[in-house]
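# Report on the structure
Chain by chain, the residues run as shown.
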Amino acid sequence: MPHDITDVTIIGGGPTGLFAAFYAGMRGITARVVDALPELGGQLLALYPEKYIFDVAGIPQILAKDLVRGLVEQAKRFQPSFHLNQRVVALEEDGAGFALVTETDRFPSRSIVVAAGIGAFSPRRLPQPTAERWYGRGIFDRVTDPERFRGQRVLIIGGGDSAFDWAQQLLNRAAELTLVHRSDRFRAHGATVAAVQDAASTGRARVLTFHELADVHGDSNLLRAVTLKDVKTKMLRELDVDVILPMLGFVSDIGPLGAWGLRVESDEIVVTSSMETGRTGVWAAGDITTYPGKLKLIATGFAEAAIAVNQAVHWIYPEKKVAPGHSSNMAIFGQKDD
Ligand SMILES: Cc1cc2nc3c(=O)[nH]c(=O)nc-3n(C[C@H](O)[C@H](O)[C@H](O)COP(=O)(O)OP(=O)(O)OC[C@H]3O[C@@H](n4cnc5c(N)ncnc54)[C@H](O)[C@@H]3O)c2cc1C
């Protein structure tokens, strides 16, 4: 599908990409955001929407999903366009500028900001072939609203943070809650593990260690039960469930970024202090970047987004300064001067 040219195209709609979109608008250039996921928010919405974040400056405590909501609202002030479910597959360049190519679209752009985090990521799927047909109809590997599972018999598979976080969230919502893990070593936060184990000791949940999913059973469109296997004794047992939540982590892939002439080491883009990537017209920011002393934090991504966008602004329009000035003084926000 053809699109108009924008000044900057931002790869990634995580916190860094969203703040970059705001910043582009504040500097008076046009922006679009392209993301492989169906929703904006990057890791915050895909991996930990219900977790509190405590280290964003000026915000003492905020749910990840609420921080995303604020970032989207802030960015929308300048009407960037958002293109979701679009995995970037190529970057082309001619005399007039770049064209960022996804599986379906082509986005002409004067500059690029790569805010691709850990790459395009998708949940690791259950290896059992019988599970495949139940995805979206009883098996859900992403949870955005725990209320959806109120009153249901829920099986969670996994031993990491996501498995235990959702187990804790569903303790008082699910009719029955079972957590199954292949070993007795959990990679989750100790306090969450303790809360779920405590619930198990009082009969409000079941934690089955050294167990794995062996089979999934259902009638026409309704998931009904699972067979679980004890990995030590090989004994099988059947358990009635309505919902399976596999929390097996994510697989991520930086994909074509490695072939664009950027300085890439260990799936990260090596940037200068100006967020330069080694390719003229392409800057990077956020978790995807590396340099001595790099911290992979939301706060770092915000600062890097501002640096990258200001560099792009000056490169596209040399008459515009790199230094943005102070927002508190900007006419664009209805303040006195620019
Ligand atoms: C469980 C957990 C808790 C955390 N808690 C905190 C915390 O308390 N405080 C803190 O500061 N940080 C925390 N972090 C880290 C924080 O989430 C990251 O630093 C932050 O998400 C980085 O933002 P980003 O926008 O750079 O990348 P991401 O959030 O990873 O977003 C990148 C986006 O780029 C998209 N993308 C990638 N490749 C492509 C492609 N080829 N085509 C299209 N789209 C693509 C992805 O789909 C993704 O949406 C936590 C992380 C985790 C996993």
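These numbers were taken from a predicted model, which means no experiment stands behind them. (Residues numbered from 1 in each chain as written. Predicted model: local features only at pLDDT ≥ 70, side-chain atom pairs only at ≥ 80, totals over all residues. Heavy atoms only, no water.)

In this section: the overall build of the protein chain. Helices and strands together make up the secondary structure of the protein chain, namely six helices and 21 strands. Expressed as lengths along the three principal axes of its C-alpha atoms, the size of the protein chain is roughly 70 × 40 × 40 Å. Taking all 338 residues of the protein chain together, 49% fall into the buried category. When contacts within the protein chain are restricted to residue pairs at least 6 apart in sequence, those whose partners lie at least 24 apart make up 58%. Taking the average place of the 36 positive charges on the side chains of the protein chain and the average place of its 39 negative ones, the gap between the two points comes to 3 Å. (Helix = DSSP H or I, 4+ residues; strand = E, 2+ residues; numbered from the N terminus. Buried < 20%, exposed > 50% of the residue type's maximum accessible area, 1.4 Å probe, protein only. Contact = heavy atoms within 4.5 Å. Lys, Arg positive; Asp, Glu negative; His and termini not counted. Charge placed at Lys NZ, Arg CZ, Asp CG, Glu CD.)

As a further point, take the site of the ligand. The environment of the ligand is formed by 31 residues, the closest being Asp35, Gln43, Tyr48, Asp55 and Val88. Burial of the ligand by the protein chains amounts to 88% of its free accessible area of 1,000 Å². Given that more than half its atoms are within 2 Å of the pocket grid, the ligand belongs to the largest pocket. Of all the elements in the fold, those that place two or more residues in the shell around the ligand are helix H1 (15-26), helix H2 (42-47) and strand E9 (120-123). By residue number, the principal contributor to the shell around the ligand is H2, which donates four residues. (Near = heavy atom within 4 Å. Areas by Shrake-Rupley, 256 points an atom, 1.4 Å probe, with all protein chains shown as cover. 1 Å grid on protein atoms, 1.4 Å probe; cavity = no way out; pocket = protein on both sides within 12 Å on 5 of 7 lines; lining within 4 Å. Sits in = over half its atoms within 2 Å of the grid points.)

Glancing now at the layout of surface pockets. The volume enclosed by the largest pocket comes to roughly 570 Å³. Looking at the largest pocket, it is lined by 40 residues, and the ones nearest its centre are Ala115, Ala116, Gly117, Ile118 and Gly119. Going through the elements one at a time, H1, H2, E9 and helix H6 (298-316) are the ones with two or more residues in the lining of the largest pocket. Residue composition of the lining of the largest pocket, by class: 21 nonpolar, 13 polar and six charged. (Points joined across faces, edges and corners; volume = space filled by probe spheres on them. Nonpolar A, V, L, I, M, F, W, Y, C, P; charged D, E, K, R; others polar.)

Glancing now at the domain arrangement of the protein chain. Segmenting the protein chain into domains produces domain 1 (6-122 + 251-333) and domain 2 (125-248). Computed over C-alpha atoms only, the centres of domain 1 and domain 2 are separated by 35 Å. Contacts between domain 1 and domain 2 engage nine residues on the former and eight residues on the latter. Between domain 1 and domain 2, the buried area comes to about 630 Å², and carbon and sulfur atoms account for 46% of it. It is Pro49, Glu50 and Lys51 that lose the most area in domain 1 upon contact with domain 2, and together they represent 57% of the buried surface on that side. On inspection of domain 1 and its partner domain 2, the count reaches one salt bridge. Of the charged contacts, one joins aspartate 165 and lysine 51 as a salt bridge, the two residues approaching to 2.8 Å between their closest N and O atoms. If you look at where domain 1 meets domain 2, you find one residue pair in polar contact (both at pLDDT 80 or more). Residues of the side of domain 1 that touches domain 2, tallied by class, amount to six nonpolar, no polar and three charged. (Domains from an automatic or database assignment. Buried area = accessible area lost by both parts, 1.4 Å probe. Salt bridge = Lys/Arg side-chain N within 4 Å of Asp/Glu carboxyl O. Polar contact = N/O pair within 3.5 Å; in protein donor to acceptor, adjacent residues only side chain to side chain.)

Our focus in this paragraph is unusual backbone geometry. Even without glycine at this site, lysine 234 takes up a positive phi of about 70°. When you line up the elements, lysine 234 lands in the loop between strand E14 (222-230) and strand E15 (236-240). Given a relative accessible area of 53%, lysine 234 falls into the exposed group. Within the chain, aspartate 267 stands out as a residue other than glycine whose phi angle is a positive 60°. Position of aspartate 267 among the secondary structure elements: in the loop between strand E18 (264-265) and strand E19 (268-270).

In this section: the packing of helix H4 (residues 161-170) against helix H5 (residues 190-201). What describes two packed helices is the angle between their axes and the distance between those same axes. Between H4 and H5, the shortest axis-to-axis distance is 9 Å and the interhelical angle comes to 45°. One way to sum up the angle between H4 and H5 is to call them oblique. Both H4 and H5 take part in a crossing whose hand is left-handed. Here H4 contributes Phe164, Asp165, Ala167 and Gln168 to the contact with H5, which in turn contributes Thr192, Val193, Ala195 and Val196. Across the contact of H4 with H5, the residue classes break down as five nonpolar, two polar and one charged. (Axes fitted to C-alpha atoms, helices over the stretch in contact; angles between N-to-C directions. Parallel < 35°, antiparallel > 145°, perpendicular 65-115°, else oblique. Left-handed = near helix turned anticlockwise from the far one by under 90°.)

Throughout the structure, instances matching the rule amount to 14 salt bridges. Between arginine 125 and glutamate 132 there is a salt bridge; the shortest N-O distance is 2.9 Å. A relative accessible area of 41% means that arginine 125 is categorised as partly exposed. Each of Glu147, Arg150 and Arg173 takes part in a single network of salt bridges with overlapping partners.

Along the chain, histidine 83 turns up in strand E5 (residues 81-83). Owing to a relative accessible area of 13%, histidine 83 belongs among the buried residues under this scheme. Each residue touching histidine 83, except ones within four places of it in the same chain, is listed here: His3, Arg32, Val33, Val34, Asp35 and Phe107.

Along its 19 residues, H6 runs 27 Å from first to last C-alpha, staying within 8% of the 27 Å computed at 1.5 Å per residue. The buried fraction of H6 amounts to 14 of the 19 residues, a majority that puts the element mostly inside the structure. (Expected span 1.5 Å × (residues − 1).)

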